[in-house]
Amino acid sequence: PPCRLLDDNRELFVPELQEVVRPHPHFMLFATQNPPGAYAGRKALSRAFRGRILELHVEELPDSELADILHQRCGVAPSYAAKMVMVMRELQRRRQRSNVFAGRHGFITPRDLFRWVVHAQPASF
């Protein structure tokens, strides 16, 4: 497993190649994961892995900042960006109150907002 690159000896043996891989002296691993339990299919990280990393927990962006990102990065008019964020929050609230939205496609995230922008007609904004 790649965790071996984070061990003190910082090397990984690849049996298929019969080769030892050593990382660059300044090698760093950056990774992200949504919280287990809050998102389907996410499992808690093992204690062994967690002992090798520094964890930073990041809270959700405020609605105003998320709307501002949609506006500045995607060219969505501020009023539409705010409405898109409102729709996302309302769908999240409905999911919390009911099993109707349960399942694989039952949760909307900020990533979905960016997908929404990509699939929308540019003239609609």
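Definitions and cut-offs
Within every chain, residues take consecutive numbers counted from 1 along the sequence as written. Per-residue local features are limited, in this predicted model, to residues with pLDDT of at least 70; the limit for side-chain atom pairs, both in listing and counting, is 80 or more; totals at the level of whole chains, interfaces and linings are taken over all residues. In computing side-chain properties, one takes all heavy atoms of the structure into account and sets aside hydrogens as well as water. Between Lys or Arg on one side and Asp or Glu on the other, a salt bridge is scored when a side-chain nitrogen of the former is within 4 Å of a carboxyl oxygen of the latter. What counts as a helix is a DSSP run of H or I of at least four residues, what counts as a strand is a run of E of at least two, and both are numbered from the N terminus. Only protein chains enter the accessibility calculation, which uses a 1.4 Å probe; a residue whose area is less than 20% of its type maximum is buried, one above 50% is exposed, and one in between is partly exposed.

Examining the pattern of salt bridges
So, point 1. For the structure on display, the rule yields seven salt bridges.
So, point 2. R94 is paired through a salt bridge with E90; the nearest N and O atoms lie 3.0 Å apart. Separated by four residues within a single helix, R94 and E90 lie in helix α3 (residues 78-97), roughly one turn from each other.
So, point 3. Overall, the relative accessible area of 41% leaves R94 in the partly exposed class.
So, point 4. Exposure remark for E90: the relative accessible area of 26% places this residue in the partly exposed category.
So, point 5. Between D112 and R115 there is a salt bridge, with its nearest N and O atoms 3.1 Å apart. Of this pair, D112 and R115 both sit in helix α4 (residues 110-119), three residues apart, roughly one helical turn.
So, point 6. A residue is classified by how much of its surface remains accessible, and D112, at 23% relative accessible area, is partly exposed.

The values reported here are purely geometric and, on their own, carry no functional implication.
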